[in-house]
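Observations on chain architecture
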Amino acid sequence: MKSVGGLMPKKISSKNLKEYLLVYVDESEEFLEAMKYACELAKTESLGIILLYIIQDENFRHWKGVENIMREEQKSEAKEVLEKYKIFIKDNYKINVKSYIKTGEKLEVLLNTLNGKRPKIKNLVLGLAMDKIENNKVISSLTGILRKKLTLPIIIVPGKIE
């Protein structure tokens, strides 16, 4: 790096990033396209990536032992999935990536995460299924009846980018 007037330009460290792109993880083909797009954008804009895995709240209250076992299995699976994608992102894009596992109703958890104060999320990135409309329930809800609850832009990535 060249110094300007004797001063070295400050290198931006990925550990000091203040803004992130949030990618909702569901392991669909559309998710993979959305994640790759988010990584390219994050690299260009010097942003970080947050991978959010939501474990749908199941109702097994009357069978407490079963509920605990299922919840632990779901958490274990979520950790494996997130670790796989964190390694992929770090190896291929060299950007800062965080991951969260949350439990609850998908849209409620997503909105609470988006509207929270920390970490600062710049955009939500979602993958759009081109052939299966039932895979677009989150997008339909966020762009329909829940749009008034959004406080930031959504980036919708088509499932098959050429």
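Residues numbered from 1 in each chain as written. Predicted model: local features only at pLDDT ≥ 70, side-chain atom pairs only at ≥ 80, totals over all residues. Heavy atoms only, no water.

1. Quick word on the environment of K90
Where we set the bar: Think of it this way: any DSSP run of H or I at least four residues long counts as a helix, any run of E at least two long counts as a strand, and we number them from the N terminus. Working rule for contacts: check all heavy atoms of both residues, and any pair within 4.5 Å makes them a contact.
Turning to its location among the elements, K90 is positioned in helix α2 (residues 64-93). In the structure, K90 is positioned 51 residues away from C39 in sequence and 9.8 Å away in space, judged by C-alpha atoms. Once residues within four sequence positions are removed from consideration, K90 is found in contact with I95 and V97.

2. Details of the environment of K75
As a reminder, the rule being used: Type-normalised accessible area, obtained with a 1.4 Å probe on protein chains alone, sets the label of each residue: buried when under 20%, exposed when over 50%, and partly exposed for intermediate values.
When you line up the elements, K75 lands in helix α2. On the accessibility criterion, K75 (34% relative accessible area) is partly exposed. Sequence separation of K75 and Y53 is 22 residues, and the distance between their C-alpha atoms is 9.5 Å. Contact partners of K75, with chain neighbours within four places excluded, come to I55 and I101.

3. Some remarks on unusual backbone geometry
Phi is positive for S46, which is not a glycine, with a value near 55°. Looking at the element boundaries, S46 is found in the loop between α1 (29-45) and β2 (48-56). Taking the relative accessible area as the measure of exposure, S46 reaches 39% and is therefore partly exposed. For K94, which is not glycine, the phi torsion reads 55° and is therefore positive. A relative accessible area of 63% means that K94 is categorised as exposed.

4. A closer look at the nonpolar core
Note the cut-off: Grouping buried Ala, Val, Leu, Ile, Met, Phe, Trp, Tyr and Cys residues that are joined through side-chain atoms within 4.5 Å yields what is termed a nonpolar core.
Grouped together as the largest cluster of nonpolar side chains are 26 residues, with contacts concentrated most on L21, V23, M35, I49, L51, I89 and V125. Counting only elements with at least two residues in this core, the list comes to β1 (19-25), α1, β2, α2 and β5 (154-158). Ranked by residue count, the leading element in this core is α1, at 7 residues. Those residues in contact with I89 that sit more than four places away from it in its chain are M35, C39, I49, L51, K94, I95 and V97.

5. Topic: the packing of aromatic side chains
Rules: We call Phe, Tyr and Trp rings a pair once their centres come within 6.5 Å, taking the six-membered ring for Trp, and we label the pair stacked below 30 degrees between planes, edge-to-face above 60, and tilted otherwise. Look at NZ for Lys and CZ for Arg. If either is within 6 Å of the ring centre and within 35 degrees of the ring normal, a charge sits over the ring.
All told, the structure shown has 2 aromatic pairs when counted by the stated rule. Between F31 and Y85, the ring centres sit 5.0 Å apart and the planes meet at 75°, which makes this aromatic pair edge-to-face. Placement of the pair is F31 in helix α1 and Y85 in helix α2, with a sequence separation of 54 residues. Judged by relative accessible area, F31 falls into the buried class, the value being 2%. Residue classification places Y85 among the buried positions, given a relative accessible area of 8%. Consider the rings of F88 and Y93, whose centres lie 6.2 Å apart with planes at 65°: the pair is edge-to-face. A relative accessible area of 9% places Y93 in the buried class. Here the basic side chain of K102 rests over the ring of Y100, its NZ or CZ set 5.7 Å away from the ring centre.

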